There are 4 protein chains.
Amino acid sequence: MWYGEPVAYRARIRIRFGDEDHAGIVYYPRFFDYFHQAFEDFFADEAGRTYKEVLDDDGFGWPSVHAEADFRAPLRFGDVLELELAVEHVGTKSATFVYRGTRVGDGAEIVRGRVTVVCIRMGSFEARPIPETYRRLFERHLAA
Amino acid sequence: MWYGEPVAYRARIRIRFGDEDHAGIVYYPRFFDYFHQAFEDFFADEAGRTYKEVLDDDGFGWPSVHAEADFRAPLRFGDVLELELAVEHVGTKSATFVYRGTRVGDGAEIVRGRVTVVCIRMGSFEARPIPETYRRLFERHLAA
Amino acid sequence: MWYGEPVAYRARIRIRFGDEDHAGIVYYPRFFDYFHQAFEDFFADEAGRTYKEVLDDDGFGWPSVHAEADFRAPLRFGDVLELELAVEHVGTKSATFVYRGTRVGDGAEIVRGRVTVVCIRMGSFEARPIPETYRRLFERHLAA
Amino acid sequence: MWYGEPVAYRARIRIRFGDEDHAGIVYYPRFFDYFHQAFEDFFADEAGRTYKEVLDDDGFGWPSVHAEADFRAPLRFGDVLELELAVEHVGTKSATFVYRGTRVGDGAEIVRGRVTVVCIRMGSFEARPIPETYRRLFERHLAA
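Keep in mind the model is a prediction, meaning the values are calculated, not measured.

**Examining the relation of the copies chain B and chain A**
In summary, the two copies of the chain are related to each other by a rotation about an axis coupled with a shift along it.
Next up, step 1: Between the two copies, chain B and chain A, the superposition gives an RMSD of 0.0 Å; the rotation angle is 180° and the shift along the axis is 0.0 Å. Such a combination of turn and shift is consistent with a two-fold rotation axis.
Next up, step 2: Of all interface residues in chain B, 100% are interface residues in chain A too; the two copies therefore contact each other through one and the same surface.

This is how it looks when you write it as structure tokens:
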């Protein structure tokens, strides 16, 4: 990878009428759902395998063992969230993804997140080394 | 069943901070989720089998083929919904459940619902006759 | 409207990893959420006003007073649902929308739905006549 | 507080049919929803004010600015989660709550979480000092 190549994967999430809470802002657990949606689409768009194929055909699962987020500004119904996903670290059996969400339009930073997933064999749920294909995929998206 | 015997099963649902929508009332799809929660608890409380045991140990699934609801008054965060579930009809392979939801406190009628489920064999998803145990259970809760 | 003009609005919904239930199919209450997402996008795409603008700037709300669905075939994670929305009836203060969902790829019919909404003044929640702009919008999408 | 006094608040969450994901375990974003449900009930049960009263009558909101969780073992439909909530830190305008979730029955540790909330004035969303009543409530639940 040469200097300046964009490494982050980008997804856009439209905030829905039912996504707010009683305080009139996005109910915070939904941000982790948004992260997961971006994570799913990342495989289809960047690995050429849908997340379903990765799980059901290839037999690799990626359960989260750690998730965190900092909420910088409220997000509301009607907003569109641009989520950047990059890889912070690739270990033998785990990988850490980082997320940065900004509001489309004014570019306000809304959320930053970090999710560590473990590679497992679907069925047994046993941890297993990340296969080469996915390792390369993740490494291509390593955050600067 | 003799005159006056209560036939309806009752469940209480606490309306949560995240259950409202942008208009400040319960997002209507959630009512079907509330119906399902009552349906799950109905088995544990009335059949002496948790819904999970019914599905995973006994091998009977109950997917919905029809669902409807009339929304009579808005419900909000902090309200408690009392849901009555009764059986409207038991067929050979299907059964229809009716729901009536009132707000605890003032008794206002909030919602009425009707959900038809089909008895299937888990795994194959093939429709099958409702087994005698569940038929009797449903018949004990037939609406007047 | 002349013969052959398409009247249905179409939206595509990607079924997510978290949308399934313990039986491995889409948890049925989510279909009503899918209907609502299509309903939201219908305004932005066909009325030239986002649903948020309709609610917050124009002051018109559209709470559901009736919703129903027939589930024809199971839908699963990884599927894409094409939802057609059309208007079945426009009354003075209410309108009924019908939905038909098919699976992209094999075209299998998955779900049919019907949702009646009432036009209200946001804030007071009082029913009010559907304004001319929206009446025309709905009439342009009347189902054949 | 004297030795041995229980400081943690406990809530029980029944894992629902619709809470699982395609891998057959609880979809991880829902854990943050479970945390919030316990947080809501904490006020009603320990402060003698429902969370709705705190927000709507008293005018104090508690949006999350940070949330994190470690997922130790999978949780599934039919399980019951016992969530302990305690307070890790009380600042001038913010407080940090910690969560520990175990499965009822075998006591397996399922999840640990940490959520930092800021005290705001509802309406303006301006941060404000935590009022004395809530400060005392939080301090009574300080983790050892």
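**Here we look at the interface of chain D and chain A**
Next up, step 1: At the junction of the two partners, chain D supplies 26 residues and chain A supplies 27 residues.
Next up, step 2: Carbon and sulfur atoms make up 60% of the area that chain D and chain A hide from each other, which totals about 2200 Å².
Next up, step 3: When the buried area of chain D at its contact with chain A is split by residue, His22(D), Tyr28(D) and Phe125(D) rank highest and sum to 24% of it.
Next up, step 4: Viewed at the interface, chain A and chain D are joined by zero salt bridges.
Next up, step 5: On the surface where chain D and chain A come into contact, there are 12 residue pairs in polar contact (both at pLDDT 80 or more).
Next up, step 6: Elements with a minimum of two residues in the side of chain D that touches chain A: helix 1 (29-47), helix 2 (51-57) and strand 3 (64-71) of chain D.

**Considering the pattern of salt bridges**
Next up, step 1: In total, this model carries 74 salt bridges over all chains according to the counting rule given.
Next up, step 2: With its nearest N and O atoms 3.0 Å apart, the salt bridge here joins Glu82(C) to Arg12(C). Here Glu82(C) is found in strand 4 (residues 80-90), whereas its partner Arg12(C) is found in strand 1 (residues 9-14), with 70 residues between them in sequence.
Next up, step 3: Among the residues examined, Arg12(C) registers a relative accessible area of 57% and is labelled exposed.
Next up, step 4: Asp106(C) is the partner of Arg103(C) in a salt bridge, and the nearest nitrogen-oxygen pair spans 2.9 Å.
Next up, step 5: One connected set of salt bridges, linked through shared partners, spans Arg10(A), Arg12(A), Arg72(A), Glu82(A), Glu84(A), Arg100(A), Glu109(A) and Arg112(A).

**Notes on the interface of chain B and chain A**
Next up, step 1: Each side of the interface is counted separately: chain B has nine residues, and chain A has nine residues.
Next up, step 2: Between chain B and chain A, the buried area comes to about 870 Å², and carbon and sulfur atoms account for 61% of it.
Next up, step 3: For chain B, the biggest contributors to the area lost against chain A are Phe17(B), Glu20(B) and His22(B); these three give 56% of the whole.
Next up, step 4: Counted by class, the side of chain B that touches chain A contains four nonpolar, two polar and three charged residues.

**Considering the relation of the copies chain D and chain A**
Next up, step 1: Overlaying chain D with chain A gives an RMSD of 0.0 Å, the required rotation being 180° about an axis along which the chain moves by 0.0 Å.
Next up, step 2: In this assembly the copies share their binding face: 100% of the residues contributing to the interface of chain D also contribute to that of chain A.

**Description of the nonpolar core**
Next up, step 1: Of all hydrophobic cores here, the largest spans 89 residues; its most connected members are Trp62(A), Phe138(A), Trp62(D) and Phe138(D).
Next up, step 2: With residues up to four places along the chain from it excluded, the contact list for Phe138(A) reads Phe42(A), Phe43(A), Trp62(A), Val87(A), Val90(A), Ala95(A), Phe97(A) and Ile130(A).

**A word on the sheet that holds strand 8 (residues 126-127) of chain C**
Residues and elements named next belong to chain C.
Next up, step 1: What the three strands build is an open sheet, ordered 2-7-8; its pairing is antiparallel. The sheet terminates laterally at strand 2 (60-61) and strand 8, the two strands that pair on one side only.
Next up, step 2: Looking at chain direction, strand 2 and strand 7 (residues 120-121) are connected through two bridges and run antiparallel. By the bridge assignment, glycine 61 is partnered in strand 7 with isoleucine 120.

**A few points about the sheet that holds strand 6 (residues 109-118) of chain D**
Next up, step 1: The strand order across the open sheet built from 10 strands is 1(A)-4(A)-5(A)-6(A)-3(A)-3(D)-6(D)-5(D)-4(D)-1(D), with neighbouring strands paired in antiparallel fashion. Looking at the sheet topology across the chains shown, the edges are occupied by strand 1 (9-14) of chain A together with strand 1 (9-14) of chain D. In this sheet, adjacent strand axes meet at a mean angle of 20° when their direction is disregarded.
Next up, step 2: As judged from the five bridges shared by strand 3 (residues 64-71) of chain A and strand 3 of chain D, these two strands associate in the antiparallel manner. Its bridge partner being in strand 3 of chain D, Ala67(A) is matched across the sheet by Ala69(D).

**Some thoughts on the packing of aromatic side chains**
Next up, step 1: Taken as a whole and assessed by the stated rule, the structure comprises 110 aromatic pairs over all chains.
Next up, step 2: Considering the side-chain rings of Phe17(A) and Tyr51(C), the 5.5 Å spacing of their centres and the 70° angle between planes classify their relative orientation as edge-to-face. Of the two residues, Phe17(A) sits in the loop between strand 1 and helix 1 (29-47) while Tyr51(C) sits in helix 2 (residues 51-57), which places them in two different chains. Residue Phe17(A) shares its accessibility class with Tyr51(C), and that shared class is buried.

**Some thoughts on unusual backbone geometry**
Next up, step 1: For Phe125(C), which is not glycine, the phi dihedral falls at a positive 65°.
Next up, step 2: Structurally, Phe125(C) is set in the loop between strand 7 and strand 8.

**Topic: the pairing of strand 6 (residues 109-118) of chain B**
Residues and elements named next belong to chain B.
Next up, step 1: Burial of strand 6 is extensive: eight of the 10 residues sit out of reach of the surface.
Next up, step 2: In terms of strand pairing, strand 3 (residues 64-71) meets strand 6 through seven bridges, oriented antiparallel. Each bridged residue has a counterpart across the sheet, and for phenylalanine 71 the counterpart in strand 6 is valine 111.
Next up, step 3: Taken together, the nine bridges between strand 5 (residues 94-103) and strand 6 define a ladder with antiparallel strand orientation.

**What to know about helix 1 (residues 29-47) of chain B**
Residue and element names in this part refer to chain B.
Next up, step 1: Helix length check: helix 1 (19 residues) gives 27 Å between terminal C-alpha atoms against 27 Å at 1.5 Å per residue, within 8%.
Next up, step 2: Among the 19 residues in helix 1, 14 count as buried, and that is most of the element.
Next up, step 3: With its phi angle positive at about 70°, glycine 48 sits one or two positions after the end of helix 1.

**A short note on the side chain of Ser64(C)**
Next up, step 1: For Ser64(C), the location among the structural elements is in strand 3 (residues 64-71).
Next up, step 2: In this structure Ser64(C) comes out as buried when scored by relative accessible area, which is 13%.
Next up, step 3: Aside from chain neighbours lying at most four places away, what touches Ser64(C) is Tyr28(B), Phe71(B), Val115(C), Thr116(C) and Val117(C).

**Section: the packing of helix 1 (residues 29-47) of chain C against helix 3 (residues 132-140) of chain C**
Residues and elements named next belong to chain C.
Next up, step 1: Look at helix 1 against helix 3: their axes get within 11 Å of each other, and the N-to-C directions meet at 100°. As judged from the angle between their axes, helix 1 and helix 3 are roughly perpendicular. Taken together, the residues of helix 3 that come into contact with helix 1 (itself represented by Phe42, Phe43, Glu46 and Ala47) are Tyr134, Leu137, Phe138 and Arg140.
Next up, step 2: When the residues that make up the contact of helix 1 with helix 3 are grouped by side-chain class, the tally is six nonpolar, no polar and two charged.

Thresholds, definitions, all that
Residues numbered from 1 in each chain as written. Chains lettered and ligands numbered in written order. Predicted model: local features only at pLDDT ≥ 70, side-chain atom pairs only at ≥ 80, totals over all residues. Heavy atoms only, no water. Least-squares fit on C-alpha atoms with pLDDT ≥ 70 in both. Contact = heavy atoms within 4.5 Å. Buried area = accessible area lost by both parts, 1.4 Å probe. Salt bridge = Lys/Arg side-chain N within 4 Å of Asp/Glu carboxyl O. Polar contact = N/O pair within 3.5 Å; in protein donor to acceptor, adjacent residues only side chain to side chain. Helix = DSSP H or I, 4+ residues; strand = E, 2+ residues; numbered from the N terminus. Buried < 20%, exposed > 50% of the residue type's maximum accessible area, 1.4 Å probe, protein only. Nonpolar A, V, L, I, M, F, W, Y, C, P; charged D, E, K, R; others polar. Core = buried A, V, L, I, M, F, W, Y, C linked by side-chain atoms within 4.5 Å. Pairing = 2+ DSSP bridges. Axes fitted to C-alpha atoms, helices over the stretch in contact; angles between N-to-C directions. Phe/Tyr/Trp six-rings, centres within 6.5 Å; stacked < 30°, edge-to-face > 60°. Expected span 1.5 Å × (residues − 1). Parallel < 35°, antiparallel > 145°, perpendicular 65-115°, else oblique.

Interpretation in functional terms is not warranted from these geometric data alone.
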